[in-house]
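Topology and contacts: notes
The chain contents come next:
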Amino acid sequence: MSRRRDERLERRRDDGTGWRRDRGPARAPATAGGGSPVERLRALLAERLGLAFDPRKDEQLAEVLQQRAAQHALSERGYLDRLGTAWQAELAALAEAVTVAETYFYRNAEQFDALADVVLPARLRARAAQRRLNLLSAGCATGEEAYTLAMVAADRVPATRWELSIVGLDVSRSALRQAMAGRYSRWSLRETPEAVRERWFHPAGDGVEVDQRLRGRVRFVEHNVTDEHPVLFAPDTYDVILCRNVLMYLTPDAAAGVVARITRALAPGGFLFLGHTDTLTGSALTLHQSHGTFYYEKVPLVAAPAPVRAARAQRPRRDVAVGLLAEERFADALAVLDGIGGAEADRAGVLLVRAAALAQLGDTGRAAELCRRLLERDTLHPDAHHLLATCLEGDEDHPAAIGQYRVAALLDPAFALPRLRLGLLARRLGDRPTAERELDRAIELLAREHDERIALFGGGFGRTVLIALCRAELAATS
Ligand SMILES: C[S@@+](CC[C@H](N)C(=O)[O-])C[C@H]1O[C@@H](n2cnc3c(N)ncnc32)[C@H](O)[C@@H]1O
């Protein structure tokens, strides 16, 4: 199906059902408090599920509210009060009532062509040693997308001596139930090539059933993608993630949090496919175009040295190195710094960038050594204290790291990054009040943080993603 036709369908569904989310500004939390019942429901949906609703859809939301409250024999107010507490089962049912699960096999077929011709061959080369590929369909709805992944992979991934994991996740339990049953109407095959239909589907009643061999290859999991999950979103896991036509339903904050989470879960060199109407801003991923579509790659941390473009070569080498750090090209940044000679190489600014590159490459020993050299010259250097702290944290010396982060934050009260690290560390160590305080402060300060500091200490993430990360961590602490 062409992109334009696909978008038209999205829009038509929007007009028809009224369930299309609006990506307007996130609303203030209102779990317990005032506003009309529908306003409270809207705020709760944004807060708990990251879903954004246009106030023009209030009428339909009111209907859902009335039905759900009646189902539990509660007043609307009583229902909303209870929903404000940890009522997970109802949250899942509510998500189901308000989300759109429209999808079909081979939706945006050009993306599956790119997957077959470019992405899977690249990942097979990258994983030749491990012989395992991990694929994720995030927001898989009734499963067509995850099964399509399995059909494409069946032709590309050698059947023997390779392990293939395909996971489909969605917040909607009923959609997942259908996914697991593997039964579909013939209409859901409208974009599926004839040969594929014959190979992977069997008639079942009025519709079709997915071949058992394929069903055994896909695992379906119920999860809200705006929430953390230590296994599903473990860092550096997936070779390919499809998160298509999901971000468009989320608030900007929730969408940024999801992007940060799936970026982290992508393996270095892994690829992300979004829907044609989804947008990705402030991401550290690299855009590719082929087969009339686009997709993103998480460029490996230690990339093969790429040529430094001529325009870059005109800029001071230190600035070029900072730019490369922001692009996660840490080894390239180091190579550029190696080209700085004489007294210039010993300047504090150059040493700091070198230390940041070394730390990102995992050489915390040499990075810490450079920080200590900087601190011998100037004990009040907040950036050197911060970087030393990240090295100590990398070596699991938490008390020393916390001490150094605190010094950095004290020396420069506008410095956001030590606050962010203190917040993350406190959360990891189970110190909830500190985590909340520091993450709150980090969010406030990140908005005004110097670009250079974000490049040096942000681990390749941009400002928006770092703010989203803080918000996601904050949400997870409560
Ligand atoms: C329009 S469907 C997209 C299906 C498929 N990815 C595609 O592009 O054809 C959107 C899906 O996103 C799911 N979804 C929405 N918000 C979600 C969330 N917070 N966590 C997980 N899934 C979510 C909905 O349940 C729905 O099944």
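Because the structure is a prediction, the values reported are computed rather than measured. (Residues numbered from 1 in each chain as written. Predicted model: local features only at pLDDT ≥ 70, side-chain atom pairs only at ≥ 80, totals over all residues.)

1. So, the overall build of the protein
So the rule is basically this: A helix here means a DSSP run of H or I that spans at least four residues, while a strand means a run of E at least two residues long, and both kinds are numbered starting from the N terminus. Contacts here follow a simple rule: the backbone-placed C-beta atoms of the two residues must lie within 7 Å.
Across its full length, the protein carries 22 helices and ten strands. The contacts of the protein with a sequence gap of at least 6 include a subset with a gap of at least 24, amounting to 68%.

2. Considering the site of the ligand
The condition is simple: To decide nearness, the C-beta atom of each residue is placed from the backbone, and the residue is near a molecule or strand if that atom lies within 6 Å of it. Note on residue classes: Ala, Val, Leu, Ile, Met, Phe, Trp, Tyr, Cys and Pro are nonpolar, Asp, Glu, Lys and Arg are charged, and everything else, Gly too, is polar.
In the vicinity of the ligand, 24 residues are found, and the nearest of them are Thr 103, Gly 139, Ala 141, Val 225 and Arg 244. By residue class, the composition of the shell around the ligand is ten nonpolar, nine polar and five charged.

3. A closer look at the sheet that holds strand β3 (residues 183–184)
The test is simple: At least two DSSP bridges between two strands are required for those strands to pair.
Here we have three strands laid out as an open sheet, ordered β3-β5-β4, and antiparallel in their pairing. Only two strands of the sheet have a single neighbouring strand rather than two, namely β3 and β4 (201–204). As paired strands, β3 and strand β5 (residues 207–210) are joined by two bridges and run antiparallel to one another. Bridging from a neighbouring strand, Tyr 184 pairs with Val 208 of β5.

4. Observations concerning the sheet that holds strand β8 (residues 266–274)
Inclusion rule: Between N-to-C directions, angles cover 0 to 180 degrees, with each direction set by a line fitted to C-alpha atoms, over the stretch in contact for helices.
Taken in spatial order, the seven strands make up an open sheet running β6-β2-β1-β7-β8-β10-β9, and their pairing is mixed. Of all strands in the sheet, those with a lone pairing partner are β6 (218–222) and β9 (286–290), marking the two edges. Each strand axis lies, on average, 25° off the axis of its neighbour in the sheet, ignoring direction. Alignment of strand β2 (residues 163–170) against β6, held across five bridges, turns out to be parallel. Bridging across to β6, Leu 169 finds its partner in Val 221. Its contacts with the sheet place helix α8 (residues 173–181) against β2 and β6, and it is angled at close to 165° to β6.

5. Thoughts on the packing of helix α15 (residues 348–360) against helix α16 (residues 364–377)
To be explicit about the condition: Any angle that falls under 35 degrees is termed roughly parallel, while one over 145 is termed roughly antiparallel, one within 65 to 115 roughly perpendicular, and all others oblique. Crossings are classed by handedness, with left-handed meaning an anticlockwise turn of the near helix from the far one by less than a right angle and right-handed meaning a clockwise turn.
One way to put it is that α15 packs onto α16 with a least axis distance of 8 Å and a crossing angle of 155°. For the element pair α15 / α16, the angle class is roughly antiparallel. For the pair α15 and α16, the sense of crossing is left-handed. Residues Ala 348, Leu 351, Leu 352, Arg 354, Ala 355, Leu 358 and Ala 359 of α15 lie in contact with α16, whose contacting residues are Thr 364, Arg 366, Ala 367, Leu 370, Cys 371, Arg 373, Leu 374 and Arg 377. Looking at side-chain class alone, the contact of α15 with α16 contains ten nonpolar, one polar and four charged residues.

6. Some thoughts on the nonpolar core
Basically, it comes down to this: A set of buried residues qualifies as a nonpolar core if it consists of Ala, Val, Leu, Ile, Met, Phe, Trp, Tyr and Cys joined through C-beta atoms within 7 Å. Partly exposed residues are those whose C-beta has more than 12 but fewer than 20 other C-beta atoms within 10 Å; with 20 or more the residue is buried, with 12 or fewer it is exposed, and the C-beta atoms are placed from the backbone.
Counting 143 residues, the largest nonpolar core has Ile 241 and Leu 272 as its most contacted members. Per-element accounting of this core gives the leading share, eight residues, to helix α11 (residues 252–265). Apart from the residues within four sequence positions on either side, Leu 272 is in contact with Ile 241, Cys 243, Ile 262, Leu 266, Leu 285, Tyr 295 and Tyr 296.

7. Section: helix α19 (residues 416–428)
Selection rule: Expected helix span is taken as 1.5 Å per residue step, with the number of steps being one fewer than the number of residues.
When the terminal C-alpha atoms of α19 are compared, their 19 Å separation across 13 residues agrees well with the 18 Å that a helix rising 1.5 Å per residue should span. Within α19, burial applies to Ala 416, Leu 417, Pro 418, Arg 419, Leu 420, Arg 421, Leu 422, Gly 423 and Ala 426. Where α19 is buried, its residues contact α17 (382–394), α18 (398–411), α20 (432–446), α21 (451–457) and α22 (463–477).

8. Thoughts on the packing of helix α2 (residues 37–49) against helix α4 (residues 76–83)
Where α2 meets α4, the axes come as close as 10 Å, and the angle between the chain directions of the two elements is 20°. Looking at the two axes, α2 sits roughly parallel to α4. Viewed along their axes, α2 and α4 form a crossing whose handedness is left-handed. On the side of α2, the interface is formed by Pro 37, Arg 40, Leu 41 and Leu 44, while α4 contributes Glu 76, Arg 77, Leu 80 and Leu 83. Looking at the contact of α2 with α4 residue by residue, the classes come out as five nonpolar, no polar and three charged.

9. What to know about helix α5 (residues 88–98)
Note the cut-off: Note: the arc covers the axis-to-C-beta directions of the helix.
Leu 94, Ala 95 and Val 98 are the residues of α5 that are buried. Mapping the buried residues of α5 onto a view down its axis gives an arc of 105°, with all of them on the same face. Where α5 is buried, its residues contact α2 and α3 (58–71).

10. Re the pairing of β2
Put simply, the rule is: The crossover handedness rule: strands pointing away from the viewer, path from first strand over the helix to second strand clockwise, crossover right-handed.
Counting buried positions along β2 yields six of eight residues, so the element is predominantly enclosed. Across seven bridges, strand β1 (residues 132–138) lies against β2 in parallel orientation. The residue bridging Ser 137 from the neighbouring strand is Gly 168, located in β2. Note that the unit made of β1, helix α7 (residues 144–156) and β2 has a crossover that is right-handed.

11. Considering unusual backbone geometry
A positive phi is found at Asn 108, a non-glycine position, where the angle reads about 55°. Tracing the backbone shows Asn 108 in the loop between α5 and α6 (109–126). Here Asn 108 falls in the buried class, since 23 other C-beta atoms lie within 10 Å of it. Even without being glycine, Arg 161 reaches a positive phi, approximately 65°. Relative to the helices and strands, Arg 161 is located in the loop between α7 and β2.

Geometric descriptors of this kind do not, in isolation, establish any biological role.
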